[in-house]
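One letter stands for each residue in the lines below.
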Amino acid sequence: MTGSSVLFDAPGPVARRRSLIASVIGALAIAGGLFWMFLTLNAPRGDLPGYFDPSRWDIFADPTVWRYIFVAGVWGTLRAALTAAVLALILGVVFSLLRSAHNPWIRIPTAVVLEFIRGMPVLLMMLFILLVLNTGSFWAVVAALSLYNGVLIGEALRAGLAALPKGQREAGLSLGMRPMQSKMLIEFPQAFRQMLPIIIAQLVVLLKDTSLGYIVGYVELLRVNMNQLASFYGNYYLFSFFVVTLVLYLAMNLSLSWFARWVAKRTARRTGQKPPSPEDEDQAMLMARAVADSKQMGQGSF
């Protein structure tokens, strides 16, 4: 029973051998496909050398090229992503509070607006903000990404609030807290901690969507490499700039994805260390009491 599972039995020697053979065949097929792709791309095309010929990569020995890529391209992408991420988090908190309000005159119009924003393509939203509101390309990109991702983050936070047991809210109300006070001091921090991996994963999507700024004229990594530098140095280096752009995007996105997985593991580890059970009314009461006492101590210090 040590090697068995609840859903299926542990694989025996024959199954393990077949799995190993299938893995080896799959790895050889992938390696063969990559080698064939390399030979195809590196094959000469008329009078021009292959894409991996050293003459197509010699411009990257110039530090000026890398300086322009990072200063104008990478920083432009990160600047828009960081600004939009901060605004999306703020809007997400506001949207989640409005969407979960008990007053239908607040909840229903908010739901209509959020569904409208979520159903609109991000690129169309960028063009609308740029043309109608007459903003610059930077703020068109930031505003569109902030609104769209703020809606999704708000829905995630609202789901986190709805998943909390009623004992958390009742404990705060029994201590004399107002409904909004209980939500902000007791419920919302727990919902934010539970939804943090999902929020960070959404920020990865936000970072990738900054490439849509290419259409509205914003100077970011894709526009710098595939438009400005490729036009300056010619189509001879177009594939080289494509590879560099791909590697830089992968480095940024995989770094943020790794951070999201790290946060998810830490969150799971914390929840596995016997935290106060959400279903226990007494535990919820003690938590609310601690929050209320800490607030009273903070007010008494001034």
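Residues numbered from 1 in each chain as written. Predicted model: local features only at pLDDT ≥ 70, side-chain atom pairs only at ≥ 80, totals over all residues. Heavy atoms only, no water.

Undergrad: Explain the overall build of the chain here, please?
TA: A count of helical and extended segments in the chain gives 10 helices and zero strands. Shown N-terminal to C-terminal, the secondary structure of the chain runs as helices and strands in the order α-α-α-α-α-α-α-α-α-α. Carbon and sulfur atoms provide 69% of the accessible area of the chain, an area that totals close to 18,100 Å². (Helix = DSSP H or I, 4+ residues; strand = E, 2+ residues; numbered from the N terminus. Areas by Shrake-Rupley, 256 points an atom, 1.4 Å probe, with all protein chains shown as cover.)

Undergrad: Would you explain the pattern of salt bridges in this entry?
TA: Oppositely charged side chains may form a pair once their charged atoms are brought near each other. Summed over the entire model, instances satisfying the criterion amount to three salt bridges. Between Arg99 and Glu155 there is a salt bridge, with the nearest N and O atoms lying 3.9 Å from each other. On the criterion of sequence distance, the pair formed by Arg99 in helix H2 (residues 63-99) and Glu155 in helix H5 (residues 137-163) is long-range, its members being 56 residues apart. Considered together, Arg99 and Glu155 belong to a single accessibility category, that of buried residues. With its nearest N and O atoms 2.4 Å apart, the salt bridge here joins Arg118 to Glu115. Of this pair, Arg118 and Glu115 are both found in helix H3 (residues 104-119), three residues apart, which corresponds to roughly one turn of the helix. According to the relative accessible area criterion, Glu115 is partly exposed, its value standing at 41%. Salt bridges here are not isolated pairs; linked through shared partners, they connect Arg99, Glu155 and Arg158. (Salt bridge = Lys/Arg side-chain N within 4 Å of Asp/Glu carboxyl O. Buried < 20%, exposed > 50% of the residue type's maximum accessible area, 1.4 Å probe, protein only.)

Undergrad: What should I look at first to understand the environment of Leu127 in this one?
TA: Relative to the elements of secondary structure, Leu127 occurs in helix H4 (residues 122-132). In this structure Leu127 comes out as partly exposed when scored by relative accessible area, which is 30%. Sequence spacing of Leu127 and Ala140 is 13 residues, and the spatial spacing of their C-alpha atoms is 7.4 Å. Contacts of Leu127, omitting those with residues within four sequence positions, involve Val132 and Val216. (Contact = heavy atoms within 4.5 Å.)

Undergrad: Is there a simple way to explain the packing of H4 against H5 in this structure?
TA: Between two packed helices, what matters for the description is the angle formed by their axes and the separation of those axes. The N-to-C vectors of H4 and H5 enclose an angle of 135°; their axes lie 8 Å apart at closest approach. As summarised for this structure, H4 and H5 are arranged oblique, according to the angle between their axes. Relative to H5, H4 is oriented so that their crossing is right-handed. Taking contact as the criterion, the partners of Val122, Met125, Met126, Ile129 and Leu130 in H4 are, on H5, Ser137, Trp139, Ala140, Val141, Ala143, Ala144, Leu145, Leu147 and Tyr148. Residues belonging to the contact of H4 with H5 are distributed by class as follows: 13 nonpolar, one polar and no charged. (Axes fitted to C-alpha atoms, helices over the stretch in contact; angles between N-to-C directions. Parallel < 35°, antiparallel > 145°, perpendicular 65-115°, else oblique. Left-handed = near helix turned anticlockwise from the far one by under 90°. Nonpolar A, V, L, I, M, F, W, Y, C, P; charged D, E, K, R; others polar.)

Undergrad: Explanation requested: the confidence of the model for the chain in the structure shown.
TA: The predicted coordinates ought not to be read in detail in places where the model reports low pLDDT. On average, residues of the chain carry a pLDDT of 80, and 81% of them reach 70 or more. Below a pLDDT of 50 lies the segment residues 273-292, which in the model reaches 28 contacts outside its immediate sequence neighbourhood of four places, other chains included. Contacts from residues 294-302, a stretch scored under 50 in pLDDT, to residues over four places away or in other chains number two contacts. (pLDDT = per-residue confidence, 0-100.)

Undergrad: How should the packing of H2 against H3 be read in this particular structure?
TA: One can describe the packing of H2 onto H3 by two numbers: an axis separation of 8 Å at closest approach and a directional angle of 135°. The angle between H2 and H3 places the two elements in the oblique class. Residue-level inspection shows Phe95, Leu98 and Arg99 of H2 in contact with H3, the latter providing Ile106, Arg107, Thr110, Ala111 and Leu114.

Undergrad: Before we go on, may I ask you to explain helix H8 (residues 221-233) in this structure?
TA: Considered for burial, the residues of H8 that qualify are Leu221, Val224, Asn225, Leu229 and Ala230. The buried residues of H8 occupy an angular sector of 145° when the element is viewed end-on, so they sit on one face. The N-cap of H8, judged by a side-chain oxygen 2.9 Å from the amide nitrogen of Leu222 a few residues on, is Glu220. Gly234 lies just past H8 and shows a positive phi near 95°. (Arc of directions from axis to C-beta. Polar contact = N/O pair within 3.5 Å; in protein donor to acceptor, adjacent residues only side chain to side chain.)

Undergrad: I'm lost on a nonpolar patch on the surface in this one. Help?
TA: A cluster of nonpolar side chains, contributed by Val86, Leu87, Ile90, Val94, Leu98, Trp105, Ile106 and Trp139, occupies part of the molecular surface with about 800 Å² of accessible area. Counting only elements with at least two residues in the nonpolar patch, the list comes to H2 and H3. Structurally, Ile90 is set in helix H2. (Patch = residues over 30% accessible without salt bridge, like charges linked within 9 Å, V, L, I, M, F, W, Y side chains within 5 Å.)

Undergrad: Help me understand the side chain of Thr245 in this model?
TA: Summarising the element assignment, Thr245 is placed in helix H9 (residues 238-271). Non-local contacts of Thr245, meaning those with residues more than four positions away in its chain, are made with Leu221, Leu222, Asn225 and Met226.

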